[in-house]
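If you want the building blocks of each chain, they are given just below.
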Amino acid sequence: MIPTIPVIVVDSDGGFRKAVRQHLGGVAGIQLVGEAENLVAAQELLLKTRPRLVLLDLSTKPEEALSSAEKWRNEFPGLKVFATSASKKPDLILSAMRAGVSEYLSKPLEVNELRTALDRIMREIETEAVHSQGTGQMIAVFSKKGGLGVTTLSVNLAVALAAAGQQAVIADLAFDIGDVAGQLDLQPEIIMSDVIDKHGAVDSSRLQASLLRHPSGLYYLGEKEAAGGADAITAKQLHQILTHLRDSFQSVVLDLPHGFDSHTYEALQLADRILLVATAELSTVRATRYALQVFRSLGYDEHKVKIVLNRLSRKDLISEEQFCETVGYPVSFRIPSDYRSVIEAVNGGEPMTMGKLKSGVAKSISQLAQQFISPNGAGPAS
Ligand SMILES: Nc1ncnc2c1ncn2[C@@H]1O[C@H](COP(=O)(O)OP(=O)(O)O)[C@@H](O)[C@H]1O
Ligand SMILES: [Mg+2]
């Protein structure tokens, strides 16, 4: 299973863009997410929409276009480029291939040629996803007590991973509350049981169709508000859903509810990493100790469970040292307190880790995200 492939077209000719729009409209698995008239606009559009495929015109400035193609492929790992041109000059075709272009399509566009090229690229992307199986990492964000910043961290972490060019998905497993969609300004329409077929198994194409795409490139899975669908799926079905996601994405981030029910337990078991969110407050210390005790009984070690101390401020009544001593566990990551930035981002529907990192919170979470990006852009860092 792979999610729908987002595509942009870069061409100064409005008529050609219209033709592309029409051709792509009917192709399953492909979605045109933007159009640009020139290379400068294309660069901006790439940052904004994070496409997997670019249809790039070579008619006007072929050399500049090809050097952009090369640059983009380095900047956005996994990006594919189709060149479009009326010229059949062997030199140009050769240069295009050298720049890493996957297909060279003739202008005017021939529908069959385009369809064949799209089929080929979809298969290629699918194969890449299959080959990355097992390398997909699952990061569960959890705290036994609500209100400490689990949703804020999971959303901004997932966006930071996507912004760094990873194929990332966030799943909101706090079914009834659905805070993640609000922070991403997305409107989910499904309930989780919609992805289950009549035999009780997960239908991968329905799951794929249920994923929403955020402008950062992040994918989202979650229920519509107050749908009450959590009871409608079993822990085993949730296990299947999560393994599907892990097989298709480099990173799966889970926003978990605050209890140890069967769904949460399943997610925690599957997770490669658990980020246990805490704050330097007495009431939190108790909840954190309890969670750590449960994790210990499940056999999770310090490699799997990392404490994130959130909302750090000079006004904290207990120090990090005292906190560590009391819970008997080290702190791995720190995020400062900055209520204003957090609330502004939530109200504006734009996560802090998208675009320019303005706040200390955004910078800390982006740094944390770096820990989950290996040099080749995939797999968990140790
Ligand atoms: N680093 C931070 N600084 C200040 N306020 C924060 C920070 N992180 C989260 N918050 C605030 O804490 C509250 C709870 O955050 P949320 O992410 O919804 O927690 P949870 O999902 O654990 O219930 C929210 O009002 C949020 O804006
Ligand atoms: Mg929450």
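Fair warning: this is a prediction, and the values are worked out from it, not measured in the lab. (Residues numbered from 1 in each chain as written. Chains lettered and ligands numbered in written order. Predicted model: local features only at pLDDT ≥ 70, side-chain atom pairs only at ≥ 80, totals over all residues.)

Asker: Can you help me understand the pairing of strand β1 (residues 5–10) in this one?
Answerer: Successive residues of a regular strand alternate their side chains across the two faces of the sheet. The pairing of β1 with strand β2 (residues 30–36) spans 6 bridges and is parallel. Its bridge partner lying in β2, V9 is registered against E35. Following the backbone out of β1, through helix α1 (residues 14–25) and into the adjacent parallel β2, one traces a crossover that is right-handed. Sheet analysis places β1 next to strand β3 (residues 53–57), joined by 4 bridges and oriented parallel. Bridge pairing links V10 to L56 in β3. (Pairing = 2+ DSSP bridges. Helix = DSSP H or I, 4+ residues; strand = E, 2+ residues; numbered from the N terminus. Right-handed = clockwise from strand over helix to strand, strands pointing away.)

Asker: Could you clarify how one ought to interpret the sheet that holds strand β9 (residues 219–221) in this entry?
Answerer: In a beta sheet, neighbouring strands are held together by backbone hydrogen bonds and run either parallel or antiparallel to one another. As summarised here, the arrangement of the 8 strands in space is β8-β9-β7-β10-β6-β11-β12-β13, forming an open sheet in which the pairing is mixed. A strand with exactly one partner marks an edge of an open sheet, and here the two such strands are β8 (212–213) and β13 (331–336). When strand β7 (residues 168–172) meets β9, the two strands line up parallel, connected through 3 bridges. Note that in β9 the partner of I170 across the bridge is Y220.

Asker: I keep staring at the site of ligand 1 and nothing clicks. Help me out?
Answerer: Around ligand 1, the surrounding shell holds 18 residues, and the nearest of these are G149, V150, T151, T152 and V342. Of all elements in the fold, only α6 (150–163), β12 (305–312) and α13 (339–348) reach the threshold of two or more residues within the shell around ligand 1. Broken down by class, the residue content of the shell around ligand 1 amounts to 7 nonpolar, 8 polar and 3 charged. (Near = placed C-beta within 6 Å. Nonpolar A, V, L, I, M, F, W, Y, C, P; charged D, E, K, R; others polar.)

Asker: Whenever I open this one, the confidence of the model for the chain confuses me. Can you help?
Answerer: Caution is warranted with low-pLDDT regions, since their predicted coordinates should not be read in detail. In the predicted model, the chain carries a mean pLDDT of 91, and 95% of its residues have values of at least 70. Averaged over each element, pLDDT in the chain is lowest for helix α5 (residues 111–131) (84) and highest for strand β11 (residues 273–278) (98). Overall, residues 376–382 carries pLDDT values under 50, and its contacts beyond four positions in sequence, including any with other chains, amount to 17 contacts. (pLDDT = per-residue confidence, 0-100. Contact = placed C-beta atoms within 7 Å.)

Asker: Can you help me understand the nonpolar core in this one?
Answerer: Nonpolar side chains tend toward joint burial in soluble globular proteins. With 75 residues, the main nonpolar core has A140, V141, A158, V169, L254 and L276 as its most contacted residues. In terms of residues, this core owes the most to one element, α6, which gives 10 residues. Setting aside residues up to four positions removed in sequence, V141 forms contacts with V150, L153, S154, V253, L254, D255, L256, L275 and V277. Membership of the second largest hydrophobic core comes to 29 residues, among which are V7, A36, A42 and L58. (Core = buried A, V, L, I, M, F, W, Y, C linked by C-beta atoms within 7 Å. Buried ≥ 20, exposed ≤ 12 C-beta atoms within 10 Å, placed from the backbone.)

Asker: Is there a simple way to think about the sheet that holds β3 in this case?
Answerer: Taken in spatial order, the 5 strands make up an open sheet running β2-β1-β3-β4-β5, and their pairing is parallel. Two strands bound the open sheet, and with one partner strand each, they are β2 and β5 (103–106). Shown here is a sheet whose adjacent strand axes are inclined to one another by a mean of 25°, direction ignored. Note: β3 against strand β4 (residues 80–85), 5 bridges, orientation parallel. Bridged to D57 within β4 is T84. Strands in contact with helix α2 (residues 39–49) are β1 and β2; relative to β2, the strand with the most contacts, it is inclined by about 140°. (Axes fitted to C-alpha atoms, helices over the stretch in contact; angles between N-to-C directions.)

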